[in-house]
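Chain residues, written in single-letter form:
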Amino acid sequence: MNKPNLQKQDSELFDILKSEEKKQQEKLSMIPSENFASKAVREAVGSVFMNKYSEGYPDARYYEGNYHIDELEKLAISRAKELFKVPSDWGVNVQALSGSPANLAVYLGLLEPGDKIMGMYLPDGGHLSHGWSYSPKSERNEENDGFLYAGGSRKVNVTSKFFKAIQYKTNPDNQLFDYEEIEKIALQEKPKLIITGGTAYPREIDYRKMKAIADKVGAYYLADIAHEAGLIAAGVNESPVGIADVVTFTTHKTLRCNRGAIILAQNDLMKKINRAVFPGLQGGPHNHSIAGISVGLKEALEPEFKRYAEQIVLNAQTLAQELSLYDFEIVTGGTDKHLVLINLTNKGVFGKKFARALDHAGIITNMNTMPQESRSPADPSALRIGTPWITTRGMKEKEMKQIAEWMNQVMEEITGWSEDDFEVFEEKAMKSERISAIAQSVMELCDNFPLDI
Ligand code: DSN
């Protein structure tokens, strides 16, 4: 019998897959939350582990036949412990399906519905799952001025529906955490949980200061390190492990595994969080994901991973520096990490149009809000770029200088089109010979740094 083959069995899906492979190979993926997982990781994710149900935890399952799944999950846990230097009285959960479910499990495990949580203001770089709600323009009020965002009537995220969510903003003068103001808000509001971390804050966070603030008000402190987990594992960014009460992270960003999440916490808290993951929020874990994560963690334990993480940061810093030479305004003036946030207000073309024009030039980025955002999140003031994926391809400072030059050329080309409707703008971008020429050069660069697809 012929081996079943995707192309023969489902040519429609196969064609979409091939197109995605081609796009990944020929374009520069520069969204900071994305990366390119190794063949070994992808092999594990596509393995027979996906066929097994294993509700429960190692050696305590509700289904028979889980002896190998137990080995798998214990292996992932022990690798996570080694990689993140997890203290001996801490535990590890590798079952949460992704970052938002991991955070929800922490809230469910440690809080009561209606308790107050305090995270970073989303437009300043926080995350939806840290309690996001918003105020429609008609409801803007003084309560939400200054460093405290007391929340809005539109409870868009489940974490703001079931908990009383307030948020702290960054300092308007420098877009940085202002620990004195955060402490003032915490003392006034007395949250039960304080959260750091997010999606667009390019600087390191002082975890000890945040833990001291949480201790002052008797709150738990959750450090969500989804974006920088790989940099922390490599020792390139500071680690909150052993400082914060709980640490959560996704596994597919700088850590370069497949999609999934890990939770670390001191044993007493971990017991409650484990019960929140299963049976509180989920049934059977995705064992194929845990298998991929296990392989990715092993890769991150290799000495080469430290050099990789150092290069990610060097590349991001080079990009930020080069872009500023072209008069791009870099939020916070630079980066300590893998991401760069560009304030486009001096350019007149904002995130949505710039991101789309860059895509036509073969450079994939995303529009983003920024501190003191005055525009809609659907058409915000900033552009977010990141270096994990292009560093995986082997690119270094020389390529970053070239990418910054291309980004500037795209901006030069589109500056005169800022007033056009989006459809007219896109049509012009698609027809632009200058943008097509950049896309061709991007493809040639990518050809010299092929992905192992
Ligand atoms: N969507 C992720 C990001 O892009 O940062 C966060 O969940």
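The rules behind each value
- Residue positions are given per chain, counting from 1 as you read along its sequence in written order.
- Confidence filtering applies because this is a predicted model: local features only for residues at pLDDT of at least 70, side-chain atom pairs given and counted only at 80 or more, and all residues used for totals across whole chains, interfaces and linings.
- Side-chain measures were taken over the full set of non-hydrogen atoms in the model, leaving aside hydrogen atoms and water.
- Helix and strand assignments follow DSSP, with helices taken as H or I runs no shorter than four residues and strands as E runs no shorter than two, numbered in order from the N terminus.
- Any pair of N or O atoms that falls within 3.5 Å is considered a polar contact. Within protein, one atom must be able to donate a hydrogen and the other to accept it, and sequence-neighbouring residues count only if both atoms are side-chain atoms.
- Here a residue-residue contact requires only that any non-hydrogen atoms of the pair lie within 4.5 Å.
- UniProt positions are given in the numbering used here, feature names are shortened, and annotations may be inferred rather than shown by experiment.
- DSSP calls a pair of strands paired once it identifies at least 2 bridges connecting them.
- Between N-to-C directions, angles cover 0 to 180 degrees, with each direction set by a line fitted to C-alpha atoms, over the stretch in contact for helices.

### What to know about the side chain of S432
Phase 1: If you trace the backbone, S432 turns up in the loop between α16 (422–431) and α17 (433–448).
Phase 2: One polar contact links S432 to E413, side chain to side chain, over a distance of 2.8 Å.
Phase 3: Here the side chain of S432 touches I435 through a polar contact of 3.0 Å, landing on its backbone nitrogen.
Phase 4: Ignoring any residue separated from it by four or fewer positions in sequence, one finds S432 in contact with E413 and W417.

### Considering the UniProt feature "binding site: (6S)-5,6,7,8-tetrahydrofolate" (unreviewed entry) in the protein
Phase 1: As annotated in UniProt, the feature "binding site: (6S)-5,6,7,8-tetrahydrofolate" (unreviewed entry) corresponds to L122, G126, H127 and L128 in the numbering used here.
Phase 2: Within the secondary structure, L122 sits in the loop between β5 (116–120) and β6 (148–149).
Phase 3: Setting aside its immediate chain neighbours within four residues, L122 contacts H127, L128, W132, Q167 and T369.
Phase 4: Relative to the assigned elements, L128 resides in the loop between β5 and β6.
Phase 5: If we ignore the near neighbours within four places in the chain, the residues touching L128 are L122, N157 and T159.

### A look at the sheet that holds strand β16 (residues 382–386)
Phase 1: With respect to topology, four strands assemble into an open sheet ordered β12-β13-β16-β15, the strand pairing being antiparallel. Among the strands making up the open sheet, the edge pair consists of β12 (329–330) and β15 (366–368).
Phase 2: Contacting β12, β13 (339–343) and β16, helix α12 (residues 303–325) runs over the sheet at an angle of about 20° to β13.

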